[in-house]
Amino acid sequence: MELSAIKDAFDRVTKKQKLSCSKTQEAIDLIRQEIESVLDTLQSVNNTDHELDYKTVLNELKASLLKIAPLSQMEGTQKELNLALTKYGKLHEKHFNPDISKAYRNVDIDIHTLNQIIANHFYRQGLFEIGDHFMSVVGELESAAIMKSPFLEMYQILEAMQNLNLEPALNWAATNGDKLAQSGSDIVLKLNSMQFVKILQNGSREEALHYARTHLSPFATSHMTDIQKLMGCLLWTGKLDRSPYHALLSASNWDKLAEELKRQFCNLLGQSYNSPLSVTVAAGVQVLPPLLKFMNVMAGKKHEWQSMNQLPVLVELDREFQFHSIFVCPVSKEQATEDNPPMLMSCGHVLCKQSILKMSKNSTKMFKCPYCPFDIDAAQCKQLYF
Amino acid sequence: MDLDPRQYENLAVNDNDIHNIVLSYLIHNCYKESVESFIACTGATQPADYLEDMDKRKRIFHFALEGNALKAIELTEQLAKDILENNKDLQFDLLSLHFVELVCSRKCTEALEFAQTKLGPFGKEPKYMEKLEDFMALLAYKEPEKSPMFHLLSLEYRQQVADSLNRAILAHLNLPSYTAMERLIQQATVVRQCLSQEAGKDAPPPFSLKDFLRS
């Protein structure tokens, strides 16, 4: 979305508005000066014995006001302001089109699943009351408790961490140690390291040493560098803030650890770190503008879009929305689908199933790989799963 | 094919020179009894203070080798007051030997106390940080001998520190830090390598001290 164009238009409006305002103020000041001057004249005459022709004075005032011509001065700048405002409005409509119906197709959505996704989002954000209220409104309160309980535990741990209490997190890590190790996570070490640093900072050297030998030694071989640094901290008990290891005391370490815990917690639940709802909305925000643009261009071909298997335009999504690879067959130049999956040939090259069937005359004869001199037997090709 | 003996067999070598080379090696390594026997047999003369210093050096060397670094430090300071003050690296190595000894004796609290008071000040200099972390990591293990830093507990490491200390004392006493024997072997090896490279394909095989000693 070209927000810079909107910003420029907005800046033009504010500029014109300021100009109009200052011009109006100038005109008002001039009028005030003329009137005050006449009032002064009248006042001074009243204080003397001179007679004054009021009509003449007022006519002179009228003439000088006509000379100033405040209305014509203000009209010009006001016109410019109105023009800029109109342009801004049009640009706004163009970029922030509220009607997105052109860019989506009507799909039968299972309302129950949708409710679950929304409730899941509330619970994983820690908005338990809203989640419960939502589930009761949609009449699915019985499934709410099951969905909510793991996230309740997670937020209790995170809340304790906010209060610099790692006990609940350490208990959770100890309970799930094996699963965490299997998934290649080092959060158990990170939690124990943080606890060790906390003990050290409180100035208890012997307690820190005992803690290290009990909880850090299992990692001494696999994470030797980390352990060396942590053990080096023992030399600076109670004065870590003045040591070469002062970075370990940074408050941001707690935030990072909380994020990591959240990630690993969701991972153990078999869920993604970000809620499906937030991912969908964020991806949708990126995808909608090019789709809307495309649909405006292809306004007359609505039915074609409704029946397409894939998006009609290339949409660039950020890395965080790329969950799996896509494969485009080098022979047919088409993207692989469930019906036409990528197939690994015996030589190690990959083509789509339909291309292989075509080249092997429906698996009746051998064919040459288009990339190397190998003769390929279609029957020996294996389906690839990305 | 080795060097042709005819190229060097007529080169006269003074017996006194050989005696001095052997003697310097024995003195360097504090082989006191051997020195006395050698002098008695060959009639070579050496100043008396050499023997006195050698006795002290021998004790220092053995204390360091046994891991009794505090005793080694004490005797070193008696022999040469400012030697450790001017050599921070050596001071660190000796103190760390004592730390290792405490760790090996499972006196962890004492080791930690010692590390904080004596080794801690070295932590202000980045060059000691890495070494310090290695030593401190030993405390994380219930059996430091099985740790990845086990080499710090080895005789080889103590030998290395003891050698460094011995060389430092010798230098302080205005004696060569390296024996004439070592230097001659090093130089001979380099010369033979250079000759070998210059001679190209007609060169004798690369010089091997082991093979030379066998021949």
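Residues numbered from 1 in each chain as written. Chains lettered and ligands numbered in written order. Predicted model: local features only at pLDDT ≥ 70, side-chain atom pairs only at ≥ 80, totals over all residues. Heavy atoms only, no water.

- An unreviewed UniProt entry lists chain B under the name CTLH domain-containing protein, with Glycine max given as the organism.

- Per an unreviewed UniProt entry, chain A goes by the name RING-Gid-type domain-containing protein and belongs to Glycine max.
- For the record of chain A, the UniProt heading Subcellular location (unreviewed entry) holds the text "Cytoplasm". (UniProt positions renumbered as here; feature names shortened; annotations may be inferred.)

## Considering the overall build of chain B
- Broken down by element type, chain B carries 10 helices and zero strands.
- Starting at the N terminus and walking to the C terminus, you meet the elements of chain B as α-α-α-α-α-α-α-α-α-α.
- Over its C-alpha trace chain B gives a radius of gyration of 22 Å, far above what one expects of a compact globule, namely 17 Å for 215 residues.
- Classification of the 215 residues of chain B by burial places 39% in the buried group.
- Nonlocal contacts in chain B, meaning residues at least 24 apart in sequence, comprise 58% of its contacts between residues at least 6 apart.
- Per element, the accessible surface of chain B, about 12800 Å² overall, is 53% carbon and sulfur. (Helix = DSSP H or I, 4+ residues; strand = E, 2+ residues; numbered from the N terminus. Rg over C-alpha atoms; globule rule 2.2 N^0.38 Å. Buried < 20%, exposed > 50% of the residue type's maximum accessible area, 1.4 Å probe, protein only. Contact = heavy atoms within 4.5 Å. Areas by Shrake-Rupley, 256 points an atom, 1.4 Å probe, with all protein chains shown as cover.)

## Comments concerning the domain arrangement of chain B
All names here are of chain B.
- Here the domain parsing of chain B yields domain 1 (13-48), domain 2 (51-177) and domain 3 (178-214).
- Taken together, the contact between domain 1 and domain 2 spans 10 residues of the former and 11 residues of the latter.
- For the pair domain 1 and domain 2, the summed buried surface comes to about 900 Å²; carbon and sulfur atoms form 59% of the total.
- For the pair domain 1 and domain 2, the interface holds zero salt bridges. (Domains from an automatic or database assignment. Buried area = accessible area lost by both parts, 1.4 Å probe. Salt bridge = Lys/Arg side-chain N within 4 Å of Asp/Glu carboxyl O.)

## Section: the UniProt feature "domain: CTLH" (unreviewed entry) in chain A
- In this numbering, the UniProt entry assigns the feature "domain: CTLH" (unreviewed entry) to residues 150-207 of chain A.
- End-to-end, the C-alpha atoms of residues 150-207 of chain A are 33 Å apart, and along that stretch the chain is 79% helix and 0% strand.

## Considering the side chain of Ser185 of chain A
Residues and elements named next belong to chain A.
- Along the chain, Ser185 falls in the loop between helix H8 (177-182) and helix H9 (187-201).
- At 3.1 Å, the side chain of Ser185 forms a polar contact with the backbone nitrogen of Ile187.
- When residues no more than four places from it in sequence are discounted, the contact partners of Ser185 are Leu180, Glu260 and Gln264. (Polar contact = N/O pair within 3.5 Å; in protein donor to acceptor, adjacent residues only side chain to side chain.)

## Some remarks on the pattern of salt bridges
- Counted according to the given criterion, the structure contains 11 salt bridges over all chains.
- Between Asp375 of chain A and Lys368 of chain A there is a salt bridge, with its nearest N and O atoms 3.3 Å apart.
- Residue class for Asp375 of chain A comes out partly exposed when judged on its relative accessible area of 45%.
- Note that Lys71 of chain B is salt-bridged to Glu74 of chain B, the shortest N-O span being 3.5 Å. Pair noted here: Lys71 of chain B and Glu74 of chain B are both in helix H4 (residues 69-79), with a separation of three residues, about one helical turn.

## Overview of the domain arrangement of chain A
- Each domain of chain A was delimited in the assignment, giving domain 1 (3-95), domain 2 (110-163), domain 3 (165-266) and domain 4 (324-386).
- Just the C-alpha atoms count here: the centres of domain 1 of chain A and domain 2 of chain A sit 60 Å apart.

## Concerning the sheet that holds strand S2 (residues 350-352) of chain A
Residues and elements named next belong to chain A.
- With antiparallel pairing, three strands are arranged side by side in an open sheet as S2-S1-S5. The sheet is open, and its two borders are formed by S2 and strand S5 (382-383), each paired with just one other strand.
- Direction of pairing for strand S1 (residues 342-344) relative to S2: antiparallel, over a ladder of three bridges. Residue pairing across strands places Met343 opposite Leu351, the latter belonging to S2. (Pairing = 2+ DSSP bridges.)

## Observations concerning helix H7 (residues 167-175) of chain A
Residue and element names in this part refer to chain A.
- Here H7 has its buried residues at Ala169, Leu170, Trp172 and Ala173. Along the axis of H7, the buried residues cluster in a sector spanning 160 degrees; they form a single face. Residues of H7 that are exposed and point more than 90 degrees away from the buried face comprise Ala174 and Thr175.
- Tucked inside the fold, the buried residues of H7 contact helix H6 (141-162), H8, H9, helix H10 (205-216) and helix H12 (251-268). (Arc of directions from axis to C-beta.)

## Side note on the packing of helix H11 (residues 224-232) of chain A against helix H7 (residues 126-137) of chain B
- As a packed pair, H11 of chain A and H7 of chain B sit with axes 8 Å apart at the nearest point and diverge in direction by 90 degrees. Overall, the two elements H11 of chain A and H7 of chain B adopt an arrangement that is roughly perpendicular. Residue-level inspection shows Gln228, Lys229, Met231 and Gly232 of chain A of H11 of chain A in contact with H7 of chain B, the latter providing Glu133, Asp134, Met136 and Ala137 of chain B.
- Of the residues contributing to the contact of H11 of chain A with H7 of chain B, the split by class is three nonpolar, two polar and three charged. (Axes fitted to C-alpha atoms, helices over the stretch in contact; angles between N-to-C directions. Parallel < 35°, antiparallel > 145°, perpendicular 65-115°, else oblique. Nonpolar A, V, L, I, M, F, W, Y, C, P; charged D, E, K, R; others polar.)

## Description of the environment of Ala160 of chain A
- Mapping Ala160 of chain A onto the fold places it in helix H6.
- When sequence neighbours within four positions are dropped, the list of residues in contact with Ala160 of chain A reads Asn165 and Pro168 of chain A.

## Some details on a nonpolar patch on the surface
- Judged by side-chain polarity, Val107, Ile109, Ile111 and Leu114 of chain A come together as a nonpolar surface patch covering roughly 370 Å² of accessible area.
- Structurally, Val107 of chain A is set in the loop between helix H3 (70-95) and helix H4 (111-124). (Patch = residues over 30% accessible without salt bridge, like charges linked within 9 Å, V, L, I, M, F, W, Y side chains within 5 Å.)

## Observations regarding the nonpolar core
- Counting residues in each nonpolar core, the largest one holds 99 residues, and the members touching the most others are Met161, Leu191, Phe196 and Leu234 of chain A together with Phe99 and Leu139 of chain B.
- Residues within four places of Met161 of chain A in sequence aside, it is in contact with Leu166, Ala169, Leu191, Trp254, Leu257, Ala258 and Leu261 of chain A.
- Among the nonpolar cores identified, the runner-up in size contains 16 residues, and Val350, Cys352, Ile356 and Cys381 of chain A belong to it. (Core = buried A, V, L, I, M, F, W, Y, C linked by side-chain atoms within 4.5 Å.)

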